[in-house]
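Each chain, letter by letter, is given below.
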Amino acid sequence: FGTSIWDETLFKAWSQIVYALIPDIKQLEAQLAHIAEVCEADEVVLFEKNTFLLISHSSRKDMQDSHRFEKISNIVKQFKLSCAKVETSFRSIQ
């Protein structure tokens with residue numbers, strides 16, 4: 001049977017490790033807040049390129065789903081895998 005110990009607690013723990021390793025994280029967060037403001041976005045989320053672990057985010061309103069980052073990460077990872085299956089290069093989502 002295929003098993004996995006991956007769950008939201010590991011996603012959060014690894015994301016916190018990535019967050020701690022980013023130099024000048026406060027400047028990055030200020031830039032995310034500026035992007036959210038300029039684009040009038042409810043939220044801007046930044047993931048690490050290879051693992052899709054959460055690096056940081058900026059929210060202009062309260063979000064209800066506490067697991068949204070892991071959900072978004074999984075959706076993007078599945079999309080990237082789908083692109084690989086049809087030999088299409090995944091570069092970004094716009």
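Throughout this description, residue numbers start from 1 for each chain and increase along the sequence as written. It should be noted that, the model being predicted, local features are given only for residues of pLDDT at least 70 and side-chain atom pairs only at 80 or more, the latter also being counted only at that level, while totals for whole chains, interfaces and linings use all residues. Working from all heavy atoms in the structure, the side-chain values ignore hydrogens and water.

Student: Please clarify how the overall build of the chain should be interpreted in this entry.
Tutor: Helix and strand content of the chain: 3 helices and 2 strands. In sequence order, the chain lays out its α and β elements as α-α-β-β-α. Residue burial is assigned from relative accessible area. The probe radius is 1.4 Å, only protein chains are included, and a residue is buried under 20% of its type maximum, exposed over 50%, and partly exposed in between. Buried residues in the chain amount to 23% of all 94 residues. Only heavy atoms matter for contacts: two residues are in contact if any of them lie within 4.5 Å across the pair. Across the chain, every contact between residues at least 6 apart in sequence was considered, and the portion connecting residues at least 24 apart equals 44%. Summed over all atoms, the accessible surface of the chain reaches about 7400 Å², with 57% contributed by carbon and sulfur. Runs of H or I in DSSP of at least four residues are treated as helices and runs of E of at least two as strands, each being numbered from the N terminus. We get accessible surface area from the Shrake-Rupley algorithm with a probe of 1.4 Å; when it comes to residues, only the shown protein chains can shield them.

Student: Explain the pattern of salt bridges here, please?
Tutor: Close approach of charged atoms allows side chains with opposite charge to pair. Every case where a carboxyl oxygen of Asp or Glu lies within 4 Å of a side-chain nitrogen of Lys or Arg is listed as a salt bridge. The final tally for this structure, using the stated rule, is 5 salt bridges. We note a salt bridge from Glu37 to Arg60, for which the minimum N-O separation is 3.3 Å. With Glu37 in helix α2 (residues 25-39) and Arg60 in the loop between β2 (54-59) and α3 (68-85), this pair connects stretches of sequence that are 23 residues apart. Its salt-bridge partner being Lys71, residue Asp65 comes within 2.7 Å of it at the nearest N-O pair.

Student: I would appreciate a short explanation of the nonpolar core in the present structure.
Tutor: Nonpolar side chains in soluble globular proteins tend to end up buried together. Formed by Phe11, Val18, Ile25, Phe47, Phe52, Leu53, Leu54, Ile55, Phe69 and Val76, the largest nonpolar core amounts to 10 residues. Where this core is concerned, the elements lending two or more residues are α1 (8-21), β2 and α3. Ile55 has contacts with Val18, Tyr19, Ile22, Ile25, Leu28, Leu46, Phe47 and Glu48, leaving out every residue within four places of it along the chain. To define a nonpolar core, start from buried Ala, Val, Leu, Ile, Met, Phe, Trp, Tyr and Cys residues and group those joined through side-chain atoms within 4.5 Å.

Take it as geometry only, folks, not as evidence of what the structure does.
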